[in-house]
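Summary of structural features
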Amino acid sequence: MKVIITGAKGQLGLALQRHAPRGMDVIPYARADLDIADARAVEFALVGADALINAAAYTDVESAELNAADAFRVNSEGAANLASACATRRIRLVHVSTDFVFDGTKEMPYLPNDEPHPLNVYGASKLEGEQRVLEILPEACVVRTSWVHSADTANFVTKIVQRMRAGAAVRVVTDEVGSPTATHSLADALWACVARPLRGIHHWSDAGSVNRFDYACAIARLAVENELVPQMPAISPARAAEFAGGAKRPRYSVLATADTEAALGIRTKPWLEGLRLTMQDLRHKQSEP
């Protein structure tokens, strides 16, 4: 089975390659290899493919506020181009979206059919992307996920560790709650989506939820345990309102995953277990020559 992965050098794209099931002929396309906003290039790149996992995205939430056209070009136009090519060539499409399509006003996990209402440009561009994908290719599988982390690229975990190593002050908000999700588990779930005839919108994250301050404290404890930093740093709690400007974020973006778990026949794992894997990966990277 020939499976194309877009966004191949991002943290999720790298994990998808590592977790590819046996027998998969994986064709990775990084941004430099394929501009998904170029419809003609996409048509050519997808020749002969059986499936495609779209992990390509404009994910810099703050930058998207200043570069909305670029965010929509990748997250909406690019997604639509992939869906059109997949529809023409009868290619299975698994498209990755985000919890940031919601505004965070709900007080219990969001269901796939809950009404989206993004607060920022990134969320709006991803929402438009998933809508266009399903309009063009109703058989596509859209998977929303949340707070993705790994040892590979810049994300909340690696940024917190970097600040601790530098001895910089660490202030983290207490009024944003979500489900940290390791690329290890997310990659396995996406490969399961390739193998099963799921269609429409689905949710996947690691199990449980935590606010960002407690999340940062867990990162710090594991950083000490894995000898990434010499001692537990001081982490100060803050409120989101104290950080003026920038992109608005949902205060609560936990996703309900039970239906997806049942459809895939796999269970989500606790978010702290996923975080342990990422911290172990960081330790291994630190010990590499």
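Right above here is the structure, for reference.
Residue positions are given per chain, counting from 1 as you read along its sequence in written order. It should be noted that, the model being predicted, local features are given only for residues of pLDDT at least 70 and side-chain atom pairs only at 80 or more, the latter also being counted only at that level, while totals for whole chains, interfaces and linings use all residues. Working from all heavy atoms in the structure, the side-chain values ignore hydrogens and water.

All right, on to the overall build of the protein then. Helix and strand definitions here come from DSSP, where helices need a minimum of 4 consecutive H or I residues and strands a minimum of 2 consecutive E residues; each element is numbered from the N-terminal end. Counting its secondary structure elements, the protein contains 10 helices and 12 strands. In this description the radius of gyration comes from C-alpha coordinates, and the expected globular size is given by 2.2 Å times residues to the power 0.38. Against the globule reference of 19 Å for 289 residues, the protein gives a C-alpha radius of gyration of 19 Å, in line with a compact fold. Intrachain contacts of the protein at a sequence separation of at least 6 include 81% that bridge at least 24 residues. Each accessible area is a Shrake-Rupley estimate made with a 1.4 Å probe; only the visible protein chains count as cover when residues are assessed. With an accessible surface of roughly 13,400 Å², the protein has 51% of that area assigned to carbon and sulfur atoms. His is not counted, nor are the chain ends; Lys and Arg add positive charge and Asp and Glu add negative charge. Here the site of a charge means NZ on Lys, CZ on Arg, CG on Asp, or CD on Glu. With 31 positive and 34 negative side-chain charges, the protein shows a separation of 3 Å between the mean positions of the two kinds. Any two residues having at least one pair of non-hydrogen atoms within 4.5 Å are treated as being in contact.

Moving on: the environment of Ala-49. Its location among the elements puts Ala-49 in the loop between α2 (39-45) and β3 (51-54). Each residue's exposure class comes from its accessible area (1.4 Å probe, protein chains only) as a fraction of the maximum for that residue type: buried when under 20%, exposed when over 50%, partly exposed otherwise. The class for Ala-49 is buried, based on a relative accessible area of 9%. With 74 residues separating them along the chain, Ala-49 and Gly-123 place their C-alpha atoms 29 Å apart. Leaving out residues up to four positions away in the same chain, Ala-49 has contacts with Lys-2, Ile-4 and Ile-91.

Turning our attention to the packing of helix α1 (residues 11-18) against helix α7 (residues 183-195). Angle between the axes and distance between the axes: these two values describe a pair of packed helices. Axis geometry follows a simple rule: fit a line to the C-alpha atoms, using only the stretch in contact for helices, then measure angles between N-to-C directions, giving values from 0 to 180 degrees. The interhelical angle for the contact between α1 and α7, taken along N-to-C directions, is 65 degrees, at an axis separation of 9 Å. Both α1 and α7 take part in a crossing whose hand is right-handed. Along the contact surface, α1 presents Gln-11, Leu-12, Ala-15 and Leu-16, while α7 presents Thr-183, Leu-186, Ala-187, Leu-190 and Trp-191. Within the contact of α1 with α7, the residues separate by chemical class into seven nonpolar, two polar and no charged. We call a crossing left-handed when the near helix sits turned anticlockwise from the far one by less than a right angle, and right-handed when that turn is clockwise. Polar here means any residue outside two lists: the nonpolar Ala, Val, Leu, Ile, Met, Phe, Trp, Tyr, Cys and Pro, and the charged Asp, Glu, Lys and Arg; Gly therefore counts as polar.

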